[in-house]
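Examination of the molecular architecture
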Amino acid sequence: MLTARGWWFLLIVAFILVMGAFVIPYFTTVPAILAVTLLAWFVWEYLQFHTKSNAAVARLRQRRFVTQSGRDAPMLWANVPFQVRVQVRHDGFVTIDYALVEDRLPAGANVLAGEPSNHATVRSGEPADVAYTLLCPAPGVLRFEGVKVRVADLHGFFYRRIFLRDPIEYLVLPPLVSEESRQRADKRFNTLPPPGIHRLRRPGSGDELLDLRDYRPGDPPKMIAWKPSARKDKLITKEYENDVPVRCVLFLDTSDGVRLGPPGNTLLTRLAGVTAVVAQATAANRDLVGLTTFDDEAAHPVPPARTQTHMINVLRKLAEVSALQPGTAGVETELLTARAYPLAHELYPELMSRKTNTVPLRRLWKPLLDKWWGWLVFALVVVPPALLAWKAASVLDPDVARLPRPVNRVIVQWLAATFDFGVRTTGGLVGREPLAVRVLVFLIVWPAALLLPSVLAGLFWLLHGVTGFFGAAAQELKKRKRLAALFSLQDGAGPDAVERYVHDDAAYAERTGAFLQHHHLRCPVPLYDDQGKYRFRCEEKAEVLGSALIRAVSRARDNELYVILADLAELGPDIEPLVKACRVARARRHHVMVIVPWPADVSAPDDAPAAPEPSGAGAPRRRSPADMAPGERQKRITKLVRDNLTRQYHESFRLTRRALAGVGATVVRANDGDAVRLVLDRLDRLRGMRSRR
């Protein structure tokens, strides 16, 4: 392809050639010879570049190395820098004089050092390196799509762009938390367990005294109770209670409502961070921890355990759910196309080029009969000639049925009027011309006037169809068809899939949304539907969560703690299935804690409300919206809407908290103090200890 410099060079050479060959050839031939020489040199450079690019670009290969803390990393840790190194080489016999190698950065990572691009000369067997350092601030999934390579000649006339696709994904696990994990809950006081909690009355290696018994040979001397032995005049051995581990089951909400927001800063990411810290601290205290992720369709449990492999699996699960994106239902197809088309052009340039993926001109024709009024235009095109033909046939052939009397009267009047118009028009135009000319003009004017409705309707049909070749709709159709062809190729479908994606908005929106989610590109989604209702309430998740909690209770043992991290403030009355499940858990002497994420821009529900505006004689006069400037009026409307939404959110949260607290569950907000410490304190209470204060 030609660069802007190449086009300007061609234009200047063409101008010199025209001037030298046609304007001043009799004065001097130097400009013409110079122009021909430059043109021949330009063609030679193009042939060289074309040959080298075809020989080398097709053999380009890339290799990626990702290291963290000096070692190859199959998985990464959040908030820990890692190094990325990419090598691009080819095994051809030519040299690429100039190449711009640029690695496509994954979404959700920040560059700390180095540059993800490099200008290099790629020789045979010698790689061009790109090295830089990244940092991922939140858990999730990093997807490296490949390397962009732009090859050009040294003069800057030609270039060729390719994309070396080699997709690979890395899980970014939540960071290891050392402070909470090191705080072993050592027993300091002999305290009774909380009400409703009982210990396992079996001998074991705990700290609470269970019973005294006679000494048996083989008992360790440190277990001898010396004072009772002195009173009994025989050896007495102490027995301690068994140390029952606490089981903590975490329920994490992964519905669409908590996936909203920028990458790495969603409610789901924050909840996953809290879940990771609690899980690590619980496992460090030798307690069993389980994880259940749920949405509005199903729940996926991980049974409680405390091994290192289990903890890695939990962290992997949290990393996978942190990368989930909200669905694209309700998003306009134009917005999806605007997001997906540049991405497809960047990742699949050879499949999206005009030579490979073109749009036939007939597809741009705008159909008329898709509209209800298009059939009226079609009737104007077809019915008048058909009626005239029927009338002529009935006159020439007596066996042909006659037209209905009203229709026949209209046709006769129309024939007479158009005939009279043709005669008068012919006389006015060529009244003095020979008879043959007047007859010829009449035979042109009369049929045109006779079929005037059909002609006008046909012209309207033509103009309506031609408008499909221009405007934003034509560009949207071209992009949509090219994306549909790409999707059908990736899915292994045939031409029928292309037609379905072009004409079926629902199928196209679903497939484009899947394409964007597969490549980790977020698309803005509408929060409210056409009726003004919040689209991400996901009221079905209360039923799913209640069923998962009942299932966990049915398999539970002593000292269970259920921590629910879910966005429940918007559910309102739909939370009843969860309330029933919490009532069952509390009846079985288990503890339930609910952590609700709280938006950063919404005040706490227990804060003092703002002072009302003064009213009365001393109050300032309220200005009507008509007296305000447009900017001030817009700010006031925005403030009123925000205050009303905040008030509704507070009221819904209070109802949810009251309903859950009524069955014995503890409800806290994620930013209400330290949610992690609240959970760990509850675990200590279940152990009957007071190590954290």
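Before reading on, note that the structure itself is shown above.
Residues numbered from 1 in each chain as written. Predicted model: local features only at pLDDT ≥ 70, side-chain atom pairs only at ≥ 80, totals over all residues. Heavy atoms only, no water.

Now for the side chain of Gln68. Checked against the element boundaries, Gln68 lands in strand E1 (residues 60–68). Engagement of the side chain of Gln68 in a polar contact is seen with the backbone oxygen of Val80, the distance being 2.9 Å. Not counting the four nearest positions on each side in its chain, Gln68 is found in contact with Ala73, Met75, Leu76, Trp77, Val80, Pro81, Phe82 and Gln83. (Helix = DSSP H or I, 4+ residues; strand = E, 2+ residues; numbered from the N terminus. Polar contact = N/O pair within 3.5 Å; in protein donor to acceptor, adjacent residues only side chain to side chain. Contact = heavy atoms within 4.5 Å.)

Attention now goes to the pattern of salt bridges. For the structure shown, the criterion picks out 24 salt bridges. Residue Lys52 pairs with Asp97 through a salt bridge whose shortest N-O separation is 3.4 Å. Taken together, the residues Lys52 in helix H2 (residues 30–57) and Asp97 in strand E5 (residues 96–103) connect sequence positions 45 residues apart. The exposure class assigned to Lys52 is partly exposed, which follows from its relative accessible area of 32%. (Salt bridge = Lys/Arg side-chain N within 4 Å of Asp/Glu carboxyl O. Buried < 20%, exposed > 50% of the residue type's maximum accessible area, 1.4 Å probe, protein only.)

Take the packing of helix H15 (residues 495–503) against helix H16 (residues 505–518) next. Where H15 contacts H16, the axes come no closer than 5 Å and their chain directions differ by 100 degrees. As summarised for this structure, H15 and H16 are arranged roughly perpendicular, according to the angle between their axes. Across the interface between the two elements, Arg500, Tyr501 and His503 from H15 touch Asp505, Ala507, Tyr508 and Arg511 from H16. Taken together, the residues of the contact of H15 with H16 sort by class into 3 nonpolar, 1 polar and 3 charged. (Axes fitted to C-alpha atoms, helices over the stretch in contact; angles between N-to-C directions. Parallel < 35°, antiparallel > 145°, perpendicular 65-115°, else oblique. Nonpolar A, V, L, I, M, F, W, Y, C, P; charged D, E, K, R; others polar.)

On to the environment of Arg354, then. With respect to the element layout, Arg354 can be found in the loop between helix H8 (349–352) and helix H9 (361–364). Owing to a relative accessible area of 68%, Arg354 belongs among the exposed residues under this scheme.

Turning next to the nonpolar core. Leu60, Leu76, Phe82 and Val84 are the most contacted members of the largest nonpolar core, which totals 40 residues. The element that contributes the greatest number of residues to this core is H2, accounting for 6 residues. Leave out the neighbours within four places in its chain, and Leu60 touches Val88, Arg89, His90, Ile96, Val149, Ile162 and Leu164. Ranked by size, the runner-up nonpolar core spans 37 residues in total, among them Leu250, Leu271, Ala279 and Val679. (Core = buried A, V, L, I, M, F, W, Y, C linked by side-chain atoms within 4.5 Å.)

Take the pairing of strand E17 (residues 591–596) next. For a regular strand, the rule is simple: side chains alternate between the two faces of the sheet. For E17, the buried fraction is high: 6 of the 6 residues fall into the buried class. Every second residue of E17 is oriented toward a common face, with His591, Met593 and Ile595 on one face and Val592, Val594 and Val596 on the other, all of them buried. Examined bridge by bridge, strand E16 (residues 560–565) and E17 share 5 bridges and lie parallel to one another. Paired with Val563 across the two strands is Met593, which belongs to E17. What joins E16 to E17 is helix H18 (residues 576–587), and the crossover it makes is right-handed. Bridging between E17 and strand E18 (residues 666–669) involves 4 bridges; their strand directions are parallel. Of the residues in E18, the one forming a bridge with Ile595 is Val668. (Pairing = 2+ DSSP bridges. Right-handed = clockwise from strand over helix to strand, strands pointing away.)

Within the open sheet, the 5 strands sit side by side as E2-E1-E4-E8-E6. Their pairing is antiparallel. With one partner strand each, in any of the chains shown, strand E2 (71–72) and strand E6 (110–114) form the two edges of the open sheet. Here E1 pairs with E2 via 2 bridges, running antiparallel. Note that in E2 the partner of Thr67 across the bridge is Asp72.

Here we come to H16. For H16, spanning 14 residues, the distance from its first C-alpha to its last is 20 Å, which sits close to the expected 20 Å at 1.5 Å a residue. Within H16, burial applies to Ala507, Tyr508, Ala509, Arg511, Thr512, Gly513, Phe515 and Leu516. The elements touched by buried residues of H16 are helix H7 (333–347), helix H14 (471–491) and H15. Sitting at the amino-terminal end of H16 is Asp504, which places a side-chain oxygen 3.2 Å from the backbone nitrogen of Ala506. (Expected span 1.5 Å × (residues − 1).)

Taken as a whole, this structure holds 20 aromatic pairs when the rule is applied. Aromatic pair Phe9 and Trp41: ring centres 6.0 Å apart, planes at 70 degrees, arrangement edge-to-face. Taken together, the positions of Phe9 in helix H1 (residues 4–23) and Trp41 in helix H2 put the pair 32 residues apart, joining distant regions of the chain. Of note, Arg480 hangs over the ring of Tyr508, and the distance from its end group to the ring centre comes to 4.3 Å. Above the plane of the ring of Trp598 lies Arg669, whose end atom (NZ or CZ) is 5.3 Å from the centre. (Phe/Tyr/Trp six-rings, centres within 6.5 Å; stacked < 30°, edge-to-face > 60°. Lys NZ or Arg CZ within 6 Å of the ring centre and 35° of its normal.)

Mapped onto the fold, Arg143 is located in strand E9 (residues 140–152). For Arg143, a relative accessible area of 10% corresponds to the buried category. Side chain to side chain, Arg143 and Glu145 meet in a polar contact 2.6 Å long. A polar contact is formed between the side chain of Arg143 and the side chain of Glu169, at a distance of 3.0 Å. Ignoring anything within four residues of it in the chain, the contact list for Arg143 reads Pro106, Pro167, Ile168, Glu169, His518, His519 and His520.

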